[in-house]
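In case you want the letters, here they are:
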Amino acid sequence: MTEAVMTSTGADPTVAGPVIEVRDLRMRYGAKEVLDGIGFTAHPGEVIALLGPNGAGKTTTIEILEGFRRRSAGHVRVLGSDPERGDERWRARLGVVLQSWRDHGKWQVRELLEHIGGHYAPFATDRIPRPWPVGELLAAVGLTGAARTRVSRLSGGQRRRLDVAIGIVGRPELLFLDEPTVGFDPAARREFHDLIHELTDMADTTVLLTTHDLDEAEKLADRILILTGGRIIASGSADELSRQVAGETEIRWTRDGQRFVHATADATAYVHQLFRQHGTAIGDLEVRRSSLEDTYMKLVHEAEVTR
Ligand SMILES: Nc1ncnc2c1ncn2[C@@H]1O[C@H](COP(=O)(O)OP(=O)(O)OP(=O)(O)O)[C@@H](O)[C@H]1O
């Protein structure tokens, strides 16, 4: 693996290969094995969602990648460096959105962002001006109207937007989001999703997020990793995952006033046959592919019974 190269003139670091590279990552707390040999890679601009039941090891994985927790074993590289040895310059290229920012209640929103943003200024490069100008950042996260509001007076949704603003004020190349939209109303969630799409489309930011919201994973992620019992049991887009679960398509129709339901692995063949047999007598046809939620529940259940 090539290490990040940075010159003192502010030239860009170059990372050959993936943004995140994890192989055979293991973590134990005392005798308890929490991560049991996980592996994945993330490429520039990719959005990866880590899904899994409570206690699956998602936060532990993210904290190891952020350099906040020492792993027990395995190979981990983030932006070309081992997170356990990441220096300030490396850290300035990461953005972290934690569960909630509760400190600095007396600060005004703009003041706080200017203060935190100032720490990133020495790490600006030719390609990435740092920090993000606060006026633009406030507009991007929808907090322009709250610029002069004290942090302690923000609503829950506004506070979460501030968490996101704090995470991206340094224009990170890699952004970690731990359950980013908890407490958002539907409009705020949609705006947040648009913001993440902008970050990944325009700035090529790589994103690793954890979420329990399957709809969010489906909307945002290029790739979903399902983690349970310390192992990645499935990986792919929402479509690829649903194809891994056999017999998933449900077909509903009516004929002569009666309702019918049939589950099949080959919906196209079944519908052909249905029309050949009954032609125009078929009404109200619905072909329902399994949702990400059905797929997720099945995969996690199968992994748990075979463990
Ligand atoms: N510091 C610690 N000491 C001992 N055990 C821990 C510690 N931190 C986490 N664990 C245990 O490790 C396991 C994985 O926890 P982790 O927080 O990574 O899961 P998670 O997938 O993020 O869960 P959630 O969805 O509930 O946030 C859990 O069983 C948890 O109790």
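Up top is the structure.
Values in this document were obtained by computation on a predicted structure and should not be read as measured data.

Asks: Would you mind going over the overall build of the protein with me for this structure?
Replies: In terms of regular secondary structure, the protein is built from 10 helices and 12 strands. With the principal axes as the frame, the protein shows a C-alpha extent of 75 × 45 × 35 Å. Within the structure as shown, the protein displays about 15,400 Å² of accessible surface, and the carbon and sulfur contribution to it stands at 47%. Taken together, the 39 basic and 45 acidic charged side chains of the protein have centroids lying 4 Å from each other.

Asks: What exactly am I supposed to notice about the sheet that holds strand 5 (residues 94-97) here?
Replies: What links the strands of a sheet is backbone hydrogen bonding, and the strands pair in either a parallel or an antiparallel sense. Pairing is mixed across the open sheet formed by 6 strands, whose spatial order is 5-6-7-3-8-9. Only two strands of the sheet have a single neighbouring strand rather than two, namely strand 5 and strand 9 (231-236). The sheet shows a mean angle of 15° between the axes of neighbouring strands, taken without regard to direction. Relative to the sheet, helix 5 (residues 156-168) contacts strand 5 and strand 6 (174-178), its axis offset from that of strand 5 by approximately 165°. Of the strands in this sheet, strand 3 (47-51), strand 8 (223-228) and strand 9 are in contact with helix 10 (residues 292-306), which crosses strand 8 at around 35°.

Asks: Sorry if this is basic, but what is going on with helix 5 here?
Replies: Between its terminal C-alpha atoms helix 5 stretches 19 Å, which fits the 18 Å expected from 13 residues at 1.5 Å a residue. In terms of residue burial, helix 5 counts as a mostly covered element, since 10 of its 13 residues are buried. Every buried residue of helix 5 is listed here: Arg159, Arg160, Arg161, Leu162, Asp163, Val164, Ala165, Ile166, Gly167 and Ile168. Buried-residue contacts for helix 5 involve strand 5, helix 3 (109-118), helix 4 (134-141), strand 6 and helix 6 (186-202).

Asks: Before we go on, may I ask you to explain the nonpolar core in this structure?
Replies: The tendency in soluble globular proteins is for nonpolar side chains to be buried side by side. The biggest cluster of nonpolar side chains holds 50 residues, and the ones touching the most others in it are Leu113, Leu162, Ile168, Ile224 and Ile226. Beyond its immediate stretch of four places on either side in the chain, Leu162 contacts Val109, Leu112, Leu113, Leu143, Val151 and Leu154. Membership of the second largest hydrophobic core comes to 26 residues, among which are Val76, Leu79, Trp90 and Phe176.

Asks: For this particular structure, what's the right way to read the side chain of Asp36?
Replies: For Asp36, the position within the fold is in strand 2 (residues 32-42). When sequence neighbours within four positions are dropped, the list of residues in contact with Asp36 reads Leu25, Arg26, Gly229, Gly230 and Arg231.

Asks: Got a minute to help me understand the site of the ligand in this structure?
Replies: Among the 13 residues in the neighbourhood of the ligand, the closest are listed as Lys32, Gly55, Lys58, Thr59 and Thr60. Between the ligand and Thr60, the relevant distance is 2.6 Å, taken from an oxygen atom to a side-chain nitrogen or oxygen of the residue. Measuring from an oxygen atom of the ligand, one finds a side-chain N or O atom of His212 at 3.0 Å. Compared with its free state, where it exposes 640 Å², the ligand has 63% of that area covered by protein. Elements with a minimum of two residues in the shell around the ligand: strand 2 and helix 1 (58-66). Broken down by element, the residue count for the shell around the ligand peaks at 3 residues, all from helix 1.

The rules behind the values
- Residues numbered from 1 in each chain as written.
- Predicted model: local features only at pLDDT ≥ 70, side-chain atom pairs only at ≥ 80, totals over all residues.
- Heavy atoms only, no water.
- Helix = DSSP H or I, 4+ residues; strand = E, 2+ residues; numbered from the N terminus.
- Areas by Shrake-Rupley, 256 points an atom, 1.4 Å probe, with all protein chains shown as cover.
- Lys, Arg positive; Asp, Glu negative; His and termini not counted.
- Charge placed at Lys NZ, Arg CZ, Asp CG, Glu CD.
- Pairing = 2+ DSSP bridges.
- Axes fitted to C-alpha atoms, helices over the stretch in contact; angles between N-to-C directions.
- Contact = heavy atoms within 4.5 Å.
- Expected span 1.5 Å × (residues − 1).
- Buried < 20%, exposed > 50% of the residue type's maximum accessible area, 1.4 Å probe, protein only.
- Core = buried A, V, L, I, M, F, W, Y, C linked by side-chain atoms within 4.5 Å.
- Near = heavy atom within 4 Å.
- Polar contact = N/O pair within 3.5 Å; in protein donor to acceptor, adjacent residues only side chain to side chain.

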